[in-house]
Amino acid sequence: METLIPDFDGKPENIQKIIDASPEVISHNIETVRRLTPLIRTKAKYDRSLSVLKYIAGQGKTAKSGIMLGLGEVESEIFETINDIYSTGCSILTIGQYLQPGFEYMEPVTYVTPDKFDEYKNAALEIGFKFVESSPLVRSSFHAERHVIRG
């Protein structure tokens, strides 16, 4: 079983309830780079999300996170975010293209090429992630059954 959780306002006792339910993978998405977090994630905080992932991994659970590209981030921010996520002990990463879910949401700023997604995947694997899904149509639950096996 894989669970996708919010940050629970960073409260360890709430995160622990999920851990105690014993899912094989606990996923909490960073979603975007530090600079864009206040614009994209109105309630969530970048560092709080990192602390959630660190808590999960620190309890011996497989932590998973995901980011969307095309929101106006620059390449150095993408690599910084990948490194930040890895530094928490997170072992599974998904990277996908942001697609506008409805007219009331922001439009993509850029569309990332498949070659760039491959580059980000290879960089994440090189620093130590156990499993990385990275392509334009990847979403946080993409091939989740594989993550349970490899996490």
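**Student:** If you had to explain the pattern of salt bridges to someone new, which residues and values would you point to?
**Tutor:** Per the stated rule, a full pass over the model turns up 8 salt bridges. Between Arg 34 and Asp 47 there is a salt bridge whose closest N-O contact spans 2.9 Å. Of this pair, Arg 34 sits in the loop between β2 (25-27) and α2 (37-40) while Asp 47 sits in helix α3 (residues 46-58), placing them 13 residues apart in sequence. For Arg 34, a relative accessible area of 36% corresponds to the partly exposed category. For Asp 47, a relative accessible area of 46% puts it in the partly exposed group. The residue Glu 119 makes a salt bridge to Lys 116 at a minimum N-O spacing of 3.0 Å. Pair noted here: Glu 119 and Lys 116 are both in helix α5 (residues 114-127), with a separation of 3 residues, about one helical turn. Looking at Glu 119, the relative accessible area reads 31%, which means it is partly exposed. Residue classification places Lys 116 among the partly exposed positions, given a relative accessible area of 29%. The network of salt bridges with shared partners includes Arg 34, Asp 47 and Asp 84.

**Student:** Please set out the sheet that holds strand β1 (residues 2-4) residue by residue, giving values where relevant.
**Tutor:** Remark on secondary structure: sheet strands pair via backbone hydrogen bonds, oriented parallel or antiparallel. Strand order in the open sheet made by the 5 strands is β1-β2-β3-β4-β5, with parallel pairing throughout. Lying at the two open borders of the sheet, with one neighbouring strand each, are β1 and β5 (131-134). Taken over all neighbouring pairs, the strand axes of this sheet differ in orientation by 15° on average, direction set aside. Bridge count between β2 and strand β3 (residues 62-69): 3 bridges; the pairing is parallel. Following the sheet pairing, Ser 27 is matched in β3 by Lys 64. Each of β2 and β3 touches α3; the most contacted strand, β3, lies at about 155° to it.

Conventions and cut-offs
- Residues numbered from 1 in each chain as written.
- Predicted model: local features only at pLDDT ≥ 70, side-chain atom pairs only at ≥ 80, totals over all residues.
- Heavy atoms only, no water.
- Salt bridge = Lys/Arg side-chain N within 4 Å of Asp/Glu carboxyl O.
- Helix = DSSP H or I, 4+ residues; strand = E, 2+ residues; numbered from the N terminus.
- Buried < 20%, exposed > 50% of the residue type's maximum accessible area, 1.4 Å probe, protein only.
- Pairing = 2+ DSSP bridges.
- Axes fitted to C-alpha atoms, helices over the stretch in contact; angles between N-to-C directions.
- Contact = heavy atoms within 4.5 Å.

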